[in-house]
Amino acid sequence: MTSKRAWSGVDSYFAKTLIGSDAALEAALSANAAAGLPAIDVSAPQGKLLHLLARMAGARKVLEIGALGGYSTIWLARALPDDGRLISLERNLRHAEVARLNVGRAGLERKVEIRTGAALDTLPKIQAEGLGPFDFVFIDADKANNAAYLEWALRLSRPGTAIVVDNVVPEGEVIDAASRDPDVVGVRRMFEMIAREPRLSATAIQTVGAKGWDGFVLAIVV
Ligand code: SAH
Ligand code: DHB
Ligand code: MG
């Protein structure tokens, strides 16, 4: 039973029993598929986990790096209070456009801003505008830059800020120290940074499900 099909079946069961049908999220996935976006959004149970973590953190300001079609964005923005705000950074203009439409259909346009550009170019502007500190940061863009994104997350944080980094395991590749894959090298550099960063207390959790074998880092700024 250790097959991706079995993992997907369990995810479907969890989604059906714990999440139920959700018109805005389902519309977002349909719009993504229609626009030819890759189906690399978080799964529904993972999206709900992000939502719950943001609520547990009492987040009012959320920063997301990597919006794709805004599926995780919607989950996170729904955790915000009325005056809450989420900024999501997306390099691909078409992804950003689809994300804005999906966020609008979910009735969240008042809380969400999708900023286009390479995140390493837009993050300094966010700092310059004094938009931090953020209460919750979700890092889910190009994995090669994960260490740099984590540095930025720290710069834009306060003690207590929660940070989640997606896709830190992909099929177990993270332990391949000889890998030349820039994504694997980037994820490993991020782990090494966490290891010597006294401002972070972190763990990593492996996951299986509809998105295969992967995992995420959960960290808090101390
Ligand atoms: N968080 C989304 C999935 C994001 S997929 C969800 O779960 O629904 C990764 C996204 O990061 C893609 O849309 C890709 O275009 C974007 N991306 C890749 N490199 C980037 C960069 N340098 N700056 C900003 N976004 C980037
Ligand atoms: C990829 C990116 C993601 O953010 C993800 O959750 C899964 C896969 C990718 O680039 O392949
Ligand atoms: Mg991801």
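This is a predicted model, so every value here is computed, not measured. (Residues numbered from 1 in each chain as written. Chains lettered and ligands numbered in written order. Predicted model: local features only at pLDDT ≥ 70, side-chain atom pairs only at ≥ 80, totals over all residues. Heavy atoms only, no water.)

Engineer: Describe the coordination of the magnesium ion (ligand 3), listing the residues and the values that go with them.
Structural biologist: The magnesium ion (ligand 3) binds to the protein through D140 (OD), D140 (OD), D166 (OD) and N167 (OD1); the donor distances cover 2.0 to 2.8 Å. Each of the six donor atoms around the magnesium ion (ligand 3) contributes to a set of angles spanning 51 to 169°, which defines the coordination as irregular. (Donors = N, O, S within 2.8 Å, 3.2 Å for Na, K, Ca; no water. Tetrahedral: all angles 85-135°; square planar, octahedral: opposite > 155°, others 65-115°.)

Engineer: Got a sec to walk through the site of ligand 1? Specific residues and values, please.
Structural biologist: The local shell around ligand 1 holds 22 residues, among which G66, S72, E90, H95 and D140 are the closest. Here D140 contributes a side-chain N or O atom positioned 2.8 Å from a nitrogen atom of ligand 1. A distance of 3.2 Å is found between a nitrogen atom of ligand 1 and a side-chain nitrogen or oxygen belonging to Y149. Counting only elements with at least two residues in the shell around ligand 1, the list comes to α4 (71-77) and β2 (85-90). Considered class by class, the residues forming the shell around ligand 1 number eleven nonpolar, five polar and six charged. (Near = heavy atom within 4 Å. Polar contact = N/O pair within 3.5 Å; in protein donor to acceptor, adjacent residues only side chain to side chain. Helix = DSSP H or I, 4+ residues; strand = E, 2+ residues; numbered from the N terminus. Nonpolar A, V, L, I, M, F, W, Y, C, P; charged D, E, K, R; others polar.)

Engineer: Give me the pattern of salt bridges: which residues, what numbers.
Structural biologist: Within the structure shown, the criterion is met by ten salt bridges. Notably, a salt bridge pairs E129 with R115, separated by 2.9 Å at the nearest N-O pair. Here the residue E129 occupies a position in the loop between α6 (119-128) and β4 (136-139), and R115 occupies one in strand β3 (residues 112-116), the gap between them amounting to 14 residues. E197 is paired through a salt bridge with R199; the nearest N and O atoms lie 2.9 Å apart. Classification of E197 by relative accessible area gives buried; the value is 12%. Each of R85, E113, R115, K125 and E129 takes part in one network of salt bridges that share partners. (Salt bridge = Lys/Arg side-chain N within 4 Å of Asp/Glu carboxyl O. Buried < 20%, exposed > 50% of the residue type's maximum accessible area, 1.4 Å probe, protein only.)

Engineer: Go over the environment of G69 with me, naming the residues and quoting the values.
Structural biologist: Relative to the elements of secondary structure, G69 occurs in the loop between β1 (61-65) and α4. Those residues within four positions of G69 in sequence are excluded, and the remaining contacts are N32, L37, H95, V98, A99 and N102. (Contact = heavy atoms within 4.5 Å.)

Engineer: Just give me the short version of the site of ligand 2, but keep the residues and values in it.
Structural biologist: Taken together, I40, D140, K143, D166 and N167 are the residues near ligand 2. Here an oxygen atom of ligand 2 and a side-chain polar atom of D166 are 3.2 Å apart. Summarising the interface, the protein chains cover 58% of the accessible area of ligand 2, which totals 290 Å² for the free molecule. More than half of the atoms belonging to ligand 2 lie within 2 Å of the grid points that define the largest pocket. (Areas by Shrake-Rupley, 256 points an atom, 1.4 Å probe, with all protein chains shown as cover. 1 Å grid on protein atoms, 1.4 Å probe; cavity = no way out; pocket = protein on both sides within 12 Å on 5 of 7 lines; lining within 4 Å. Sits in = over half its atoms within 2 Å of the grid points.)

Engineer: I'd like to hear about the packing of aromatic side chains, residue by residue, with values.
Structural biologist: Under the counting rule described, the total for this entry stands at one aromatic pair. Aromatic pair Y13 and F14: ring centres 6.1 Å apart, planes at 45°, arrangement tilted. For F14, a relative accessible area of 36% puts it in the partly exposed group. In this arrangement the basic side chain of R78 is found over the ring face of W75, its NZ or CZ atom lying 5.9 Å from the centre. Taking the ring centre of W152 as reference, the NZ or CZ of R155 above it sits at 4.3 Å. (Phe/Tyr/Trp six-rings, centres within 6.5 Å; stacked < 30°, edge-to-face > 60°. Lys NZ or Arg CZ within 6 Å of the ring centre and 35° of its normal.)

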